[in-house]
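# Close look at the chain arrangement
Below, each chain spelled out in residue letters.
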Amino acid sequence: MGAPAPIACDWCLDRREEIFPPGFCMTRRSQGDKSMSKPCAHFIRRGLWAAAFFLAGATQAQTYPVRTITLVVPYPAGGGTDTVARIVAEKMRPALGQNIVIDNRGGASGIVGTDMVAKAAPDGHTLVVSLSTSLLINKFLFKKLPYDPQKDLMMVSQIALAPIMLVVNEKVPVRNVAELKTYLAANKGKLSYGSWGIGSSAHLTGAHLSKVLDADMTHVPYKGGAPLIQDLVGGQIPLSFVGIAEAKPFIDAGKLRPIGITGETRVNFFPNVPTLAEQGLQDDVFRIVGWIGLAAPAATPKAIQQRIADEVRAAVRLPDVRARFESFGMDPVARGPEEFAAAYRKDMPVWQQVVKASGATLD
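Residues numbered from 1 in each chain as written. Predicted model: local features only at pLDDT ≥ 70, side-chain atom pairs only at ≥ 80, totals over all residues. Heavy atoms only, no water.

## Things to note about the sheet that holds strand β10 (residues 239–243)
- One open sheet accounts for five strands, arranged β9-β8-β10-β7-β11; its pairing is mixed. Looking at strand neighbours, the two that pair on one side only are β9 (218–221) and β11 (256–261), the edges of this open sheet. The sheet shows a mean angle of 30° between the axes of neighbouring strands, direction not considered.
- Across five bridges, strand β7 (residues 164–169) lies against β10 in antiparallel orientation. Each bridged residue has a counterpart across the sheet, and for V167 the counterpart in β10 is S240.
- Strands β7, β8 (192–195), β10 and β11 of the sheet are contacted by helix α9 (residues 225–234), whose axis makes an angle of about 140° with β10. (Pairing = 2+ DSSP bridges. Helix = DSSP H or I, 4+ residues; strand = E, 2+ residues; numbered from the N terminus. Axes fitted to C-alpha atoms, helices over the stretch in contact; angles between N-to-C directions. Contact = heavy atoms within 4.5 Å.)

The structure is reproduced here in structure tokens:
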């Protein structure tokens, strides 16, 4: 009778479908032999490869950066995202020991610049600072994107949260959500709401507000926040969600009246303005907020991602930076990769549902 046919060791029998091709085991045992219960030689070799890869990544992080870093902002210079990127870059330069340049690549709702970074070398020297619009919501607004934010990019740092505020023209007899409900019910189908563009958070949140309050309002999109504010103040539209910093001068002058803000907490900028959730609007879209984040090409080593996130956090924690961000109506958080990823996963189904319900599309 011949010897029993050799088969793979217990480790490979348990794991080969996960990480090993069949028949690859280098440490064989005979059928019925239960003594082979430790990792085989090729499993140990794989562990050594993994350790070497980890050490290589750690070494890269220690030497990073080796040249100028480019922060791509997929919007024109002078806007809120551009300003945040420049503030952070200025504070990060000394610690990183390299120059950081801002490259404004506006166009196509942030797609042009974001796609450039998605296709860049994954070495931490080309990064994007952008809004949740191009890094998340565009995925649901466009049938065809040249990049997949979940597959082609890694969310490295959620720099700041950017809640928006529901405001009304000074002549609208409304001071809170309860009065707004009564006013909308009395004027069903007669009112309009504005936004700074189709697919913007102001549009999507306004559309959901109209739906849940059965207001049947008409959406009026503008090309940016400035003309939107101008028509709000002039009374051409009665209400809209707006950027907090943009609205503040007109609220202070009595031309606009704040009703409530999105998010879970009030903002330092307007501590007396309650959240919409506090006033009974409990849907998820009223509880989440837009954000400004920093992302890198997906294959960027984790050690480099963490180095970048650590430097962003150090910059944002500086008192003068926090003060400036808060003056923009933003909440500086500087969440690292893991926290950012968790927040991203939480926000994504909410925006997907709201976009679908609104019927908004950009292609």
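## Observations regarding the environment of V168
- When you line up the elements, V168 lands in strand β7.
- For the pair V168 and I237, spaced 69 residues apart in sequence, the C-alpha separation works out to 8.6 Å.
- With near-sequence residues (within four places) excluded, V168 lies in contact with V174, P238, L239, K255, L256, R257 and I259.

## What to know about the pattern of salt bridges
- In total, this model carries 13 salt bridges according to the counting rule given.
- With its nearest N and O atoms 3.0 Å apart, the salt bridge here joins K188 to D214. Taken as a pair, K188 in the loop between α7 (177–186) and β8 and D214 in the loop between α8 (201–212) and β9 lie far apart in primary sequence, 26 residues in all.
- Since its relative accessible area comes to 44%, K188 is described here as partly exposed.
- Residue D214 is classed as partly exposed on the basis of its relative accessible area, which comes to 49%.
- A salt bridge links E326 to R322; the nearest nitrogen and oxygen atoms lie 3.8 Å apart. Of this pair, E326 and R322 both sit in helix α13 (residues 319–327), four residues apart, which is roughly one turn of the helix. (Salt bridge = Lys/Arg side-chain N within 4 Å of Asp/Glu carboxyl O. Buried < 20%, exposed > 50% of the residue type's maximum accessible area, 1.4 Å probe, protein only.)

## Examining the nonpolar core
- Of all hydrophobic cores here, the largest spans 52 residues; its most connected members are L136, L153, L166, L184, L209, M217 and F241.
- When residues of this core are assigned to their parent elements, the largest contribution, seven residues, is made by helix α14 (residues 337–358).
- One finds L127, A160, I292 and V316 within the second-largest nonpolar core, a separate group that totals 32 residues. (Core = buried A, V, L, I, M, F, W, Y, C linked by side-chain atoms within 4.5 Å.)

## So, the packing of α8 against α14
- Contact geometry for α8 and α14: axes closest at 10 Å, N-to-C directions at 70°. Taken together, α8 and α14 sit at an angle that is classed as roughly perpendicular. The hand of the α8/α14 crossing is left-handed. Residues S201, L204, T205, A207 and K211 of α8 form the contact with α14, whose own contacting residues are W351, V354, V355, A357 and S358.
- Counted by class, the contact of α8 with α14 contains six nonpolar, three polar and one charged residues. (Parallel < 35°, antiparallel > 145°, perpendicular 65-115°, else oblique. Left-handed = near helix turned anticlockwise from the far one by under 90°. Nonpolar A, V, L, I, M, F, W, Y, C, P; charged D, E, K, R; others polar.)

So, to be careful, I would describe these as geometric facts and stop short of saying anything about function.
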